[in-house]
Amino acid sequence: MALPAVVEKYLNDMEIKKKAIGGVDEEDALVHIRQICVLFQQDTEKIKNDLSKAQSEVMRLQEENQQLELALEDTKIELQTAKEKLEEDEKAENADSEADKAIIASKDEEIEALKNDKEALEKKLEDAVKEAEFNRQSMDKAEAMRAEYEKKYNDIRDLSLYIGEIKASAANQANAEAESIVGKARAEAEEIKKSAESEKDRYEADIEEAKQRKLATQAEMKAIVQKYDGIIHQMRDELDTLGVRIHDLIV
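Sequence order as written defines the numbering, with residues in each chain counted from 1. Note on the predicted model: pLDDT of at least 70 is required for a residue's local features to be given, and 80 or more for side-chain atom pairs to be given and counted; whole-chain, interface and lining totals, by contrast, use all residues. With hydrogens and water set aside, each side-chain value is computed from the structure's full complement of heavy atoms.

1. A look at the overall build of the protein
When helices and strands are tallied, the protein shows four helices and zero strands. We count a stretch as a helix when DSSP gives it H or I for four or more residues in a row; a strand needs E for two or more, and each element gets its number in order from the N terminus. When the helices and strands of the protein are placed in sequence order, the string is α-α-α-α. A simple rule labels every residue: compare its accessible area, found with a 1.4 Å probe on the protein chains alone, to the largest value its type can have, and call it buried under 20%, exposed over 50%, or partly exposed in between. Counting across all 251 residues of the protein, residues that qualify as buried make up 33%. Look at the contacts in the protein between residues 6 or more apart in sequence, and 85% of them connect residues 24 or more apart. All accessible areas in this document rest on Shrake-Rupley with a 1.4 Å probe, and a residue is counted as covered only by the protein chains that are shown. As presented, the protein carries roughly 15700 Å² of accessible surface, and 52% of it is formed by carbon and sulfur atoms. In what follows, a contact means two residues having at least one pair of non-hydrogen atoms within 4.5 Å.

This is how it looks when you write it as structure tokens:
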């Protein structure tokens with residue numbers, strides 16, 4: 001993966017001053033090293049901000065999942081209330097025939113099936129929470145990578161100070177070390193950049209997948225709610241029919 005454009009341009013345009021008696025100027029080399037580190041630090045801060053925004057998006061998805069769970073619980077309560085009302089109405093009408101008991105058993109089976117659907121949905125929500133935790137761990141890895149980069153920057157800075165204290169008699173050796181430091185700094189910074197951007201891409205892919213899972217969960221909840229409404233209407237119709245049958249039997 002390519003380096004940031006501003007860093008690439010700086011490295012391409014960089015020219016280290018030469019000494020009159022041969023070799024590179026140590027102070028000028030240190031100036032270039034510091035500038036390269038500053039440019040990489042700025043780009044790393046941008047990546048950190050992007051990851052922070054992604055973490056906020058995961059938190060928002062978790063809150064929406066909690067709201068969906070509450071809505072599902074409310075639907076369950078409504079269904080239970082409808083069942084209790086049906087049972088009370090059946091007791092009031094003394095509907096003790098085998099056919100009536102079969103209807104109640106059938107409704108109990110439907111309610112049990114709906115409970116199973118709810119448990120499956122809760123499992124999916126639990127998986128979504130686990131994915132959010134995985135994304136948080138990815139953020140921690142990115143933060144550790146940033147800390148490692150800062151340590152490398154400090155090491156380069158310390159080396160720069162050390163080079164500035166080298167005696168004139170070791171000038172040729174200092175020049176060679178300065179050129180080596182520039183090459184190593186560039187290679188290490190490029191590796192850190194590649195790793196950070198790879199983590200960012202994977203993190204964004206996880207966020208997109210979480211969004212798709214949320215949409216699928218919402219669609220399933222909508223279908224369950226519609227199914228509940230249909231069952232309640234059907235139960236009311238059957239109750240009305242049962243009332244007519246009991247009335248005919250009494251008459």
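2. Quick word on the nonpolar core
As used in this record, nonpolar core signifies buried Ala, Val, Leu, Ile, Met, Phe, Trp, Tyr and Cys residues forming a set joined through side-chain atoms within 4.5 Å. Core analysis: the largest hydrophobic core is formed by eight residues, namely Leu 3, Val 7, Leu 11, Met 14, Ile 36, Leu 39, Phe 40 and Ala 189. Elements with a minimum of two residues in this core: α1 (5–13) and α2 (26–92). It is α2 that provides the largest number of residues to this core, a total of three residues. Residues Leu 51, Val 58, Ala 196 and Tyr 203 belong to the second largest nonpolar core, which totals seven residues.

3. A look at the confidence of the model for the protein
The share of residues in the protein with pLDDT of 70 or more is 73%, and the mean pLDDT across the chain is 76. pLDDT measures the predictor's confidence residue by residue and takes values from 0 up to 100. Confidence, expressed as mean pLDDT per element, reaches its minimum in the protein at helix α3 (residues 98–164) with 66 and its maximum at α2 with 85.

4. A closer look at the side chain of Glu 57
For Glu 57, the location among the structural elements is in helix α2. Under the relative-accessibility criterion, Glu 57 is labelled buried at 18%. For Glu 57, the contacting residues outside a window of four places in its chain are Ile 207 and Lys 211.

5. Comments concerning the pattern of salt bridges
The rule for a salt bridge is simple: a side-chain nitrogen of Lys or Arg has to be within 4 Å of a carboxyl oxygen of Asp or Glu. Applying the stated criterion across every chain yields a total of twelve salt bridges. Notably, a salt bridge pairs Lys 211 with Glu 57, separated by 3.9 Å at the nearest N-O pair. Here Lys 211, found in helix α4 (residues 171–250), pairs with Glu 57, found in helix α2; they are 154 residues apart in sequence, far enough to count as distant. For the salt bridge of Arg 213 with Glu 209, the shortest nitrogen-to-oxygen distance reads 3.5 Å. Highlighted residues: Arg 213 and Glu 209, both in helix α4, separated by four residues, approximately one helical turn. A relative accessible area of 38% places Arg 213 in the partly exposed class. Classification of Glu 209 as partly exposed rests on a relative accessible area of 38%. Connected via shared salt-bridge partners are Glu 57, Arg 60, Glu 64, Lys 211 and Lys 214.

6. Quick notes on α2
An ideal rise of 1.5 Å per residue puts 99 Å on 67 residues; α2 measures up with 99 Å between its terminal C-alpha atoms. Nitrogen and oxygen atoms within 3.5 Å of one another constitute a polar contact, given that in protein one can donate a hydrogen and the other can accept it, and given that sequence-neighbouring residues count only through two side-chain atoms. Sitting at the head of α2, Asp 25 places a side-chain oxygen 3.1 Å from the backbone nitrogen of Glu 27. In a helix, the anticipated span is given by 1.5 Å times the number of residues less one.

7. A short note on the environment of Gln 218
Looking at where Gln 218 falls in the secondary structure, it is placed in helix α4. The exposure class of Gln 218 is partly exposed, given its relative accessible area of 32%. For the pair Gln 218 and Asn 65, spaced 153 residues apart in sequence, the C-alpha separation works out to 9.2 Å.

8. Here we look at the packing of α1 against α2
If you want to describe how two helices pack, look at the angle between their axes and the distance between the axes. Where α1 meets α2, the axes come as close as 9 Å, and the angle between the chain directions of the two elements is 165 degrees. Relative to α2, α1 is oriented roughly antiparallel. Classified by chirality, the crossing of α2 by α1 is left-handed. Across the interface between the two elements, Val 6, Val 7, Tyr 10 and Leu 11 of α1 pack against Val 31, His 32, Gln 35, Ile 36, Leu 39 and Phe 40 of α2. Following the grouping adopted for this structure description, the nonpolar residues are Ala, Val, Leu, Ile, Met, Phe, Trp, Tyr, Cys and Pro, the charged ones are Asp, Glu, Lys and Arg, and the polar ones are all others, Gly among them. For the contact of α1 with α2, the class distribution of residues is eight nonpolar, two polar and no charged. Throughout, an axis means a line fitted to C-alpha atoms (over the contacting stretch in the case of helices), and angles, computed between N-to-C directions, take values from 0 to 180 degrees. Comment on the angle field: the value is read as roughly parallel under 35 degrees, roughly antiparallel over 145, roughly perpendicular from 65 to 115, and oblique elsewhere. Should the near helix be turned anticlockwise from the far one by less than a right angle, the crossing is left-handed, and should it be turned clockwise, the crossing is right-handed.

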